[in-house]
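Structural description and commentary
For reference, the chains in residue letters:
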Amino acid sequence: MKTTSITVKADLIPTFITNIDGIGTVDTAIMKIKVKDLKFLPREANPRSFHEGSTTKKIEQTITEEPELFEVLNRGLTIVCSDCIYNRGEVTFIFTDKNQGLVDGGHTFTVAMRNSDADASVIAKIIYGDGATKLANRIAETFNTTEKVSEMSLNNLRGYFDFIKKEIINQPYYFDIKWEENAKKRILSTRIVGLMNSFDPRWGHGNITEKAPTDSYNSARHTQLDFRKKYLDFGETTDNPYYALKNIIVQIIDLFDWTEQNFARLYNKVGRYNSISVTLPDKTKIKLSEIDKNKKFKSTFYGDNLQGYIPTPLIYAIIAPMRIFLERDNEGFWYFITDPKQIMEAIGPRLIKYALDYYQIYNPSAAMKDPKFWVYLYDKTILLKNSCIN
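Presented here is an overview of the structure given in this document. What you see is a predicted model, and the numbers here were worked out from it, not measured in a lab. (Residues numbered from 1 in each chain as written. Predicted model: local features only at pLDDT ≥ 70, side-chain atom pairs only at ≥ 80, totals over all residues. Heavy atoms only, no water.)

1. What about the nonpolar core?
Our working definition: To define a nonpolar core, start from buried Ala, Val, Leu, Ile, Met, Phe, Trp, Tyr and Cys residues and group those joined through side-chain atoms within 4.5 Å. Summary of the burial criterion: residues with accessible area below 20% of their type's maximum are buried, those above 50% are exposed, and those between are partly exposed, where the area comes from a 1.4 Å probe applied to protein chains only. A run of H or I in DSSP counts as a helix once it spans at least four residues, and a run of E counts as a strand once it spans at least two, with each numbered from the N terminus.
Of all hydrophobic cores here, the largest spans 77 residues; its most connected members are I164, I168, M322, L356 and F373. The element that contributes the greatest number of residues to this core is helix α13 (residues 340-361), accounting for ten residues. Core analysis: the next-biggest nonpolar cluster, separate from the first, contains 30 residues, L12, L41, I63 and L102 among them.

The structure is reproduced here in structure tokens:
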């Protein structure tokens, strides 16, 4: 990050200077600033994106109806910077790192900026010094506790997703991915992490197993926690099962979207897709072709048009067994021994039929939570393997 300095009119009161062994100096100060004097502050360090909601409405109500109470009835701002210089009624912030900036109070800041004509002030806590930068991520996590910050947002804040972003940055869906909560994007990054989790060979790699990656679809939090633990334990090495898959992330996503787009066509090789009836959670039966038949469906990642309703959740369990077609290269990264789409073209019709036969008995939510369902499709894939690999 290029060094940036921002100067505002404000009153500043230094409070504490702390020297922490192994970290450095952490200084704190309290600042009172009129909203009309606020200037743009870097916000990349805040784990949440701005979101209009009930909290925002309450903040807006105070600043418009009782501006004199805004500084009292509001948590204010928390700013982390390298240095904070006070001189004759002006405060200058020095930012030198991407993890510095407004780490808490994003909603307050946004509301204050768009009501800059209000006769109101806001209180800010300034944390600065060489030690403050090292602690920036932890400060952001600690202050964002009024409403629990998702593991997805925290993993993004820590930079753990960076290696995934590098692999998919040139893909058409890259800017549609939601890396942090409240961001207005259509694809949760948790879906990508979940797919990687389901392709981890620890769940079985050609051998008989009773393990099943049910959390890869059913529990975003558990999957994100597992992602974080593996990153902390192994970093960006091939001992990290997620990092070891980085070279085929795009292929896995492509396989998912291709299977979604060709789901009905593949099934029609062994049956009639439009004749399939399923049992809904309320025990009523309905044909797949009749579910929201007037709705326009699009594929998950590429956003291509689908011909009708597809039970997309099942695709996670259908393609996850494709991990048995992975091998490691000399550096320890996984690769497909043949084109996964060709594999799915060959054995996909049978796998989809197996999944839909199961699905007709159980609703999709129940099937995805059932380890036996995942293992059942995995075992079937092993049996079908010889039909597409010479």
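What follows picks up the thread again.
2. A few points about a positive patch on the surface
Basically, it comes down to this: Surface patches are drawn from residues lacking salt bridges whose relative accessible area is over 30%; two like charges belong together within 9 Å, two nonpolar side chains (Val, Leu, Ile, Met, Phe, Trp, Tyr) within 5 Å. All accessible areas in this document rest on Shrake-Rupley with a 1.4 Å probe, and a residue is counted as covered only by the protein chains that are shown. The term salt bridge refers to a pairing of a side-chain nitrogen on Lys or Arg with a carboxyl oxygen on Asp or Glu at a separation within 4 Å. Positive residues here are Lys and Arg, negative ones are Asp and Glu, while His and the chain termini are left out of the count. Charge placement uses NZ in Lys and CZ in Arg. For Asp and Glu, CG and CD serve respectively.
A grouping of K9, K34, K36 and K39 is seen on the molecular surface, where their side chains present a positively charged patch. Tracing the backbone shows K34 in strand β3 (residues 24-34).

3. Thoughts on the packing of helix α7 (residues 189-198) against helix α10 (residues 249-261)
Under the convention used in this document: A fitted line through C-alpha atoms serves as each axis, taken over the contacting stretch for helices, and the angle formed by two N-to-C directions is quoted from 0 to 180°. We call two directions roughly parallel when the angle between them is under 35 degrees, roughly antiparallel when it is over 145, roughly perpendicular when it lies between 65 and 115, and oblique otherwise. Working rule for contacts: check all heavy atoms of both residues, and any pair within 4.5 Å makes them a contact. Gly is placed with the polar residues, together with every amino acid not listed as nonpolar (Ala, Val, Leu, Ile, Met, Phe, Trp, Tyr, Cys and Pro) or charged (Asp, Glu, Lys and Arg).
Look at α7 against α10: their axes get within 10 Å of each other, and the N-to-C directions meet at 100°. With respect to each other, α7 and α10 are oriented roughly perpendicular. Counting all contacts with α7, which are made through I192, L195 and M196, the residues of α10 involved are I249, I252, I253 and F256. Residues that form the contact of α7 with α10 fall into these classes: seven nonpolar, no polar and no charged.

4. A few points about the pattern of salt bridges
Inspection of every chain in the model, using the stated rule, returns twelve salt bridges. Ionic pairing is found between K230 and D226, a salt bridge with its closest N-O pair at 2.8 Å. Here the residue K230 and the residue D226 both occupy positions in helix α9 (residues 220-234), the gap between them amounting to four residues, near one helical turn. Of the two residues examined, K230 and D226, each falls in the buried class. For R265, the salt bridge goes to E345, with nearest N and O atoms at 2.8 Å. With a gap of 80 residues between them, R265 in helix α11 (residues 263-267) and E345 in helix α13 connect regions that are remote in the sequence. Look at E345 and you get partly exposed, because its relative accessible area is 25%. Among the ionic contacts, a cluster of salt bridges with common partners joins D200, R202, D226 and K230.

5. Regarding the pairing of strand β4 (residues 77-81)
What counts, and what does not: Two strands are counted as paired when DSSP detects at least two bridges linking them.
Along β4, five of the five residues are buried, which leaves the element largely enclosed by surrounding structure. Relative to strand β8 (residues 121-128), β4 runs parallel, the two sharing five bridges. Considered in β8, the bridge of L77 is made with A124. Sheet topology places β4 next to strand β7 (residues 101-104); three bridges connect them, and they run antiparallel. By the bridge assignment, V80 is partnered in β7 with G101.

6. Observations regarding the sheet that holds strand β1 (residues 4-9)
Strand order in the open sheet formed by three strands is β1-β6-β5, and the pairing between neighbours is antiparallel. The outermost strands of the open sheet, each flanked by one partner alone, are β1 and β5 (83-87). Neighbour-to-neighbour, the strand axes of this sheet turn through a mean angle of 20°, independent of strand direction. Bridge count for β5 against strand β6 (residues 90-95) is five bridges, and the pairing is antiparallel. By the bridge assignment, I85 is partnered in β6 with T92.

Nothing here speaks to function; it is geometry throughout.
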